[in-house]
Each structure stands twice: as C-alpha cells, then as structure tokens.
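Residues per chain are reported as follows:
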Amino acid sequence: MRSLRTIPALALTILFAATALAQKPAPQPDILIFTNGDQLTGHLERAAGGSVVFKSDMAGEVTISLDKVKEIRSAGSFSMLKKGPPSKTNLVGQGQISVAEGNVSVTPPAQPPVTLPVKDVGYLIDTPTYDREVHNEIKLTQGWTGAVTAGATFVRSTDNDTVFTAGLALARLIPTVTFLPPRQRMTLNVIETYGKATSAVIPQTVPPSPAAITKTSIFHADGEHDWYFTPHLYGLANLSFDHNFAQGLSLQQLYGGGIGWTPFETARHQLDLKADIHYERQNFFVASSNVDLIGTIFGEAYRRTLPRKIAFTQTAEYIPSWNHPTDYSALFTAGFVLPTWKRLGVTFNATDNYLHNPSPGYKANSLQFVAGVNYAFK
C-alpha cells in the first residue's frame with residue numbers, strides 16, 4: 001500500500017509537470033521578407049516552379065515569385081530538391097530552410113548547411129509529405145477520392161413502376177498532392193439502373209388488355225490505369241463491362257491499351273483526349289448475333305467547375321471495329337453536380353449509348369436521364 005506521505009509529493013510532481021507543459025513556448029512563426037522590405041509571418045507551405053506558397057497569419061495563403069523574396073526563415077523541416085522530376089536522386093537535403101541573397105540553404109541535423117542558387121531549386125517540400133509522396137510507395141488503399149450516387153422512382157397506380165439507380169465513381173492520383181507532377185492515375189466507375197413496370201389487366205377494353213411486365217436493366221463498369229510519361233502525355237490500360245436489356249446485350253467486355261493526352265489542366269477545367277486498341281466480345285440474348293471485335297476507342301473527357309462550385313462533366317466516345325466495320329458503337333454522357341450541404345449534392349446525368357447492330361428486335365439507341373443524390377468523399 002502506498003504511504004500517505006508520498007501522495008502530496010506525487011501530486012506536487014504532477015502539478016510541476018503540468019505547469020512546465022503549459023509554459024512550453026509556442027513554436028516560432030516562419031518569416032518571409034520581400035525585396036521591398038515588407039514582411040509576412042506565418043508558415044512556409046512549400047516552393048515549386050519558381051514560386052513559394054506561404055500561409056500568412058493576416059493575409060491567408062499567398063503564392064509569391066521567389067525573385068520577389070529577399071529572405072525566408074523557417075524552423076520546420078523541409079526537403080530541398082534540385083530541378084527535375086521529384087525523386088530520391090535529386091534530393092539535396094532535409095532540415096531547416098532559409099532563403100537569403102538569392103540562395104536557398106538546408107541545414108540537416110548535426111551537419112553543415114547545403115546551399116543552392118534559387119534558380120537551381122526545383123521543390124521545397126515539408127519532410128513528411130516528401131517521405132510519403134516521393135520516398136515511400138503509397139498503399140493501394142490511400143489517395144482515393146470519389147462519390148456515390150443514388151436515385152429512385154416509384155409509381156403506384158393502375159400501372160406500378162419501380163426504378164432504382166446507383167453509381168460509384170473513384171479516382172486516385174499519385175502523388176496525391178496537386179503541386180507535384182503526376183506519375184499514375186487510376187479510375188473506376190460503376191453504375192446500374194434497374195426497373196420493373198407492371199401493367200394490370202384492363203377488362204373494359206375489347207379485347208381485354210393482358211397484364212404485362214417490362215424490365216429495365218442497364219449496367220456499366222469501367223476501369224483505367226494511366227502511367228505518365230510527361231505531365232500531359234500518358235499510356236493507359238483500360239477495361240469495361242456492359243449489360244443493356246434495352247439493346248438485347250447480355251454482356252459486352254472490352255480489354256485494351258493506348259495513349260492519352262491532356263491539352264490543358266487547371267483548377268477550373270480539364271480536357272483529356274484518348275485512343276486505344278482493344279479486344280471486344282459482345283454476347284447478345286440471341287446467340288447468333290455474338291461477335292468478337294478488334295477496335296479502337298477515340299474518346300474525350302471534359303470537366304469544368306462552374307460558379308457556386310457546380311461541377312460539370314462530359315465524355316464522348318466513338319468506337320469503330322476494324323474486323324467488322326458495321327459493328328461500331330458510340331457513347332455520350334453529360335452531368336451536373338449541384339452542392340447542397342457539406343458533401344451532399346444533387347446530380348443530373350444524361351447518357352446515350354448507341355449500338356449499331358443490336359440484337360434483332362431491339363433499338364440501336366439507349367437514352368437515359370437520371371436525377372439523384374450525390375455524396376462525395378475523400
């Protein structure tokens with residue numbers, strides 16, 4: 001049993017420790033001094049492309065050209081990299097950073113500083129971000145962003161109609177931070193529209209109309225993995241699966257590879273152009289229509305951020321077949337996501353799927369319009 005005399009001593013020890021922690025000085029802010037003598041205090045975020053991003057206590061996050069910076073003093077740990085693609089080989093050093101007289105110095109712990117002219121510095125990255133994004137491989141479960149969408153329609157009257165729509169869109173860019181040039185990108189999309197309409201017997205008609213059941217089932221899934229040669233040019237591997245009751249299509253499966261190009265990419269909008277060579281197998285409800293195809297996807301994908309953070313996306317694909325020229329197809333989609341509250345939004349999407357040679361008795365076009373609820377996650 002603990003002696004009663006030790007209790008006051010233990011309490012005093014805890015009190016002194018708590019007081020020492022409370023009196024521990026706060027970390028000193030970073031200081032940025034402009035060439036004209038003005039200065040900002042706050043936190044150095046990073047430097048890339050000849051500019052430095054500094055989060056000021058008063059001005060918020062600002063981006064400043066390095067040629068307008070006279071001096072930076074920072075107590076944080078940064079990784080300084082020479083110009084070129086970020087990698088382990090162009091790392092100069094890790095430690096405290098300072099900028100003065102047109103030079104950048106990094107001081108590793110217990111080592112002399114290493115200095116480079118500003119013009120030779122490619123990146124200043126906080127060390128935890130460098131270790132995660134450049135030095136170590138990112139785990140398969142990390143870095144995904146996307147959204148899930150759901151919608152439903154119910155009619156209960158002489159005719160009973162029920163339609164459900166659900167979709168999932170995922171994307172993963174490596175590195176996961178936007179200020180580093182991309183190395184890889186992965187996308188995954190899945191959407192299903194399923195419905196059933198039941199018409200009752202109407203005895204007043206001559207002859208009486210029979211009961212009828214009509215089903216709707218439209219499923220699409222696709223995935224793509226991109227490897228970047230440059231920030232705008234990349235190779236790709238893709239696959240997709242389709243089932244469309246409205247076209248008599250039991251299962252279409254596609255496997256291919258090709259090349260993509262991003263003519264422009266900004267925070268406001270982005271355009272991607274793609275082409276591939278693929279193998280395609282189409283299985284129809286009528287087995288005699290089944291066919292194996294070798295073809296190409298000529299596609300484009302565009303996204304734009306509109307006022308009030310409304311997101312617009314649009315894709316178009318033309319898919320000719322080289323071994324069966326009459327078996328071509330096309331796809332067009334367009335949609336809006338209107339943010340409503342936190343991560344929730346309202347989505348409106350239109351999809352037109354054209355199959356030149358559908359199963360006998362089915363139409364070539366399959367057009368659907370979907371409105372639903374969207375939830376975005378990081």
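Conventions used here
Residues numbered from 1 in each chain as written. Predicted model: local features only at pLDDT ≥ 70, side-chain atom pairs only at ≥ 80, totals over all residues. Heavy atoms only, no water. Helix = DSSP H or I, 4+ residues; strand = E, 2+ residues; numbered from the N terminus. Rg over C-alpha atoms; globule rule 2.2 N^0.38 Å. Buried < 20%, exposed > 50% of the residue type's maximum accessible area, 1.4 Å probe, protein only. Contact = heavy atoms within 4.5 Å. Areas by Shrake-Rupley, 256 points an atom, 1.4 Å probe, with all protein chains shown as cover. Salt bridge = Lys/Arg side-chain N within 4 Å of Asp/Glu carboxyl O. Pairing = 2+ DSSP bridges. Core = buried A, V, L, I, M, F, W, Y, C linked by side-chain atoms within 4.5 Å.

## What to know about the overall build of the chain
No. 1: Each helix and strand in the chain was counted, giving 2 helices and 23 strands.
No. 2: Relative to its length of 378 residues, the chain is extended, with a C-alpha radius of gyration of 30 Å against a globular reference of 21 Å.
No. 3: Over its C-alpha atoms, taken along the principal directions, the chain stretches across nearly 100 × 65 × 45 Å.
No. 4: Evaluated residue by residue, the chain yields a buried proportion of 31% over its 378 residues.
No. 5: Taking as baseline every contact in the chain between residues at least 6 positions apart, the subset at least 24 positions apart corresponds to 49%.
No. 6: Carbon together with sulfur atoms contributes 63% to the accessible area of the chain, which is approximately 22300 Å² in total.

## Considering the pattern of salt bridges
No. 1: For the structure on display, the rule yields 7 salt bridges.
No. 2: Residue Arg73 is joined to Glu71 by a salt bridge in which the shortest nitrogen-to-oxygen separation is 2.5 Å.
No. 3: Assessed through its relative accessible area of 23%, Glu71 is described here as partly exposed.
No. 4: The residue Asp292 makes a salt bridge to Arg281 at a minimum N-O spacing of 2.8 Å. Linking Asp292 in strand E18 (residues 291-295) with Arg281 in strand E17 (residues 269-284), this pair joins segments that are 11 residues apart in sequence.
No. 5: On the basis of relative accessible area, Asp292 is assigned to the partly exposed category, the value being 35%.
No. 6: One network of salt bridges, with partners in common, ties together Arg185, Asp226 and Asp272.

## Considerations on the pairing of strand E5 (residues 69-73)
No. 1: The pairing of strand E1 (residues 30-34) with E5 spans 4 bridges and is classified as antiparallel. The partner of Phe34 across the bridge, within E5, is Val69.

## Remarks on the environment of Val291
No. 1: Mapped onto the fold, Val291 is located in strand E18.
No. 2: Relative accessible area serves as the criterion here: at 10%, Val291 is assigned to the buried category.
No. 3: Separated by 11 residues in the primary sequence, Val291 and Glu280 place their C-alpha atoms 8.4 Å from one another.
No. 4: In this structure, Val291 is in contact with Glu280, Arg281, Gln282, His324 and Asp327, ignoring residues within four places of it in sequence.

## A look at the nonpolar core
No. 1: Membership of the largest hydrophobic core comes to 19 residues, with the highest contact counts inside it found for Val52 and Met80.
No. 2: Taken together, the elements giving at least two residues each to this core come down to strand E2 (39-48), strand E3 (51-56), E5, strand E6 (78-82), strand E7 (91-100), strand E8 (103-107) and strand E10 (121-126).
No. 3: Looking at which element gives the most residues to this core, the answer is E2, with 3 residues.
No. 4: Apart from residues no more than four positions distant in its own chain, Met80 is found in contact with Asn90, Leu91, Val92, Gly93, Ile97, Val104, Val106, Val114, Leu116, Val121, Tyr123 and Leu124.
No. 5: Grouped together as the second largest cluster of nonpolar side chains are 7 residues, Tyr123, Tyr130, Val134 and Leu180 included.

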